[in-house]
Amino acid sequence: LPLSTLVGVAISSVFLGRLSDRIGRKRVLLLLAWISVAGSIVKYFTRATFWGFCAAQFVFGFFLGNLPVSMAYIGDVFQTKGEKERELGVLVSCFVMGNSGGGIIAILMNNSGLFAPLWVGAGLLAISAMATSALMVEGKDL
């Protein structure tokens, strides 16, 4: 199942960087965030069939290719090599914590069922999208 998502991520990462160059990093990251909210909900509703869930995971993966866009954003916003290295470290740490957090939430919600954490994930993704919308400045605006 994770491979379904990773294939989508690998394919989309190639295109998302170019798209963010054209329309802006913030726009792309917000689009990806809100589609990820919907993706978590769709995955919940496809949980009854293996192939349906795999297809949802694959499509969901297309909208998780935000790491290259985020890395480009850091390159746009921070000037010195030291600042860029520090912020890339923070970004990768947040990425790893987010991935680990899903598993931890699933373990903590063990009595709620295997797929209930998808609702929590959708909520956290929505909070992240709102924070991105409110706090992120476009690199070219600096």
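Everything discussed here concerns the structure shown above.
This text gives an overview of the structure that appears in the document. (Residues numbered from 1 in each chain as written. Predicted model: local features only at pLDDT ≥ 70, side-chain atom pairs only at ≥ 80, totals over all residues. Heavy atoms only, no water.)

Notes on the pattern of salt bridges
Any two side chains of opposite charge can pair, given that their charged atoms come close.
Step number 1: Tallied over the entire structure, the rule returns 4 salt bridges.
Step number 2: Residue Arg 25 pairs with Asp 76 through a salt bridge whose shortest N-O separation is 2.7 Å. With Arg 25 in helix H2 (residues 25–45) and Asp 76 in helix H4 (residues 66–77), the pair connects residues that are 51 residues apart, well separated along the chain.
Step number 3: Assessed through its relative accessible area of 10%, Arg 25 is described here as buried.
Step number 4: The class of Asp 76 is partly exposed, set by a relative accessible area of 33%.
Step number 5: Close ionic contact of Lys 81 with Glu 85 constitutes a salt bridge, the shortest N to O distance being 3.8 Å. Taken together, the residues Lys 81 and Glu 85, both in helix H5 (residues 81–108) and 4 residues apart, mark about one turn of the helix. (Salt bridge = Lys/Arg side-chain N within 4 Å of Asp/Glu carboxyl O. Helix = DSSP H or I, 4+ residues; strand = E, 2+ residues; numbered from the N terminus. Buried < 20%, exposed > 50% of the residue type's maximum accessible area, 1.4 Å probe, protein only.)

Describing the packing of aromatic side chains
Step number 1: Overall, the coordinates contain 6 aromatic pairs when judged by the stated rule.
Step number 2: The interplanar angle of 80 degrees and the centroid separation of 4.9 Å between the aromatic rings of Phe 50 and Trp 51 together place this pair among those described as edge-to-face.
Step number 3: Here Phe 53 and Phe 115 contribute two aromatic rings whose centre-to-centre distance is 5.4 Å and whose plane-to-plane angle is 70 degrees, an arrangement assigned as edge-to-face. Here Phe 53, found in helix H3 (residues 50–62), pairs with Phe 115, found in the loop between H5 and helix H6 (117–135); they are 62 residues apart in sequence, far enough to count as distant.
Step number 4: Overall, Phe 53 belongs to the buried group, its relative accessible area being 9%. (Phe/Tyr/Trp six-rings, centres within 6.5 Å; stacked < 30°, edge-to-face > 60°.)

So far we have only geometry, and geometry alone does not tell us how the molecule works.
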